[in-house]
Amino acid sequence: MLTKVAVLISMMMVGASGYSMYQSRIPNGANVKNPCDDSAWGGVGHENPFGSGDQNKFGVDFLFAGHKWTPELCNHDSDGDGKTNGEELGDADCNWTEDSTQLDAVTGHPGVCEPVGDAQCTASWFSCSR
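Residues numbered from 1 in each chain as written. Predicted model: local features only at pLDDT ≥ 70, side-chain atom pairs only at ≥ 80, totals over all residues. Heavy atoms only, no water.

As a further point, take the overall build of the protein chain. When you go through the protein chain residue by residue, the secondary structure sums to four helices and zero strands. When the 130 residues of the protein chain are sorted by exposure, 35% land in the buried category. Expressed as a percentage of contacts within the protein chain between residues at least 6 apart in sequence, the contacts between residues at least 24 apart total 42%. Carbon together with sulfur atoms contributes 56% to the accessible area of the protein chain, which is approximately 7700 Å² in total. (Helix = DSSP H or I, 4+ residues; strand = E, 2+ residues; numbered from the N terminus. Buried < 20%, exposed > 50% of the residue type's maximum accessible area, 1.4 Å probe, protein only. Contact = heavy atoms within 4.5 Å. Areas by Shrake-Rupley, 256 points an atom, 1.4 Å probe, with all protein chains shown as cover.)

The structure is reproduced here in structure tokens:
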């Protein structure tokens, strides 16, 4: 029984630390909010706010960028809401690096089409009633 508990705890720790590692690889990675209730969205590249399970479109794009913030990823609009990933994450000029401290505020979620429920977002996987 104790072994099962230890395995479960270690699995939870891996899941919890997995997305936090990636938060530091994108601008404002720890500051992205859920558009429905303003709670933290720790797993920015996942459909699950806690960072497990299916990836959202931003997560897929981040994967294909080699888990790096690139000018192409920054200038891309992963969620199709008309704002680039950089605009939504506070790096509209795409100058951010992992050593940077100067950023604008987060204006949206790069993997969630916003405003949620808007006509341009009708094909989105996300809704506030999920």
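More follows now that the structure is in view.
Our next topic: the state of the cysteines. By definition, a disulfide links two cysteine residues through a covalent bond between their sulfur atoms. Applying the stated criterion to the full structure yields three disulfides. Across the disulfide from Cys74 sits Cys94; the S-S distance is 2.0 Å. On the S-S bond that ties Cys74 to Cys94, the torsion sits near -90°, and the link is left-handed. Here the residue Cys74 occupies a position in helix α3 (residues 71-75), and Cys94 occupies one in the segment after α4 (85-88), the gap between them amounting to 20 residues. For Cys94, a relative accessible area of 18% translates into the label buried. Linked covalently through their sulfurs, Cys113 and Cys121 form a disulfide whose S-S length is 2.1 Å. Around the S-S axis, the bridge from Cys113 to Cys121 shows a dihedral of about -70° and counts as left-handed. Given a relative accessible area of 6%, Cys121 falls into the buried group. Within the protein chain, bonded cysteines paired by disulfides and numbered along the sequence follow the pattern 1-6, 2-3, 4-5. (Disulfide = S-S within 2.5 Å.)

Mapped onto the fold, Val112 is located in the segment after α4. Residues Val112 and Phe58, spaced 54 residues apart in sequence, show a C-alpha to C-alpha distance of 8.4 Å. Contacts of Val112, omitting those with residues within four sequence positions, involve Pro35, Trp41, Asp79, Asp81, Glu88, Trp125 and Phe126.

Confidence in the prediction of the protein chain, expressed as mean pLDDT, is 87, and 85% of residues score 70 or more. Low pLDDT, under 50, characterises residues 4-17; the stretch is placed with zero contacts to residues that sit more than four places away or in other chains. (pLDDT = per-residue confidence, 0-100.)

With that settled, consider the environment of Ser100. Inspection of the secondary structure puts Ser100 in the segment after α4. On a C-alpha basis, the gap between Ser100 and Pro27 in space is 8.6 Å, while along the polypeptide they are 73 residues apart.

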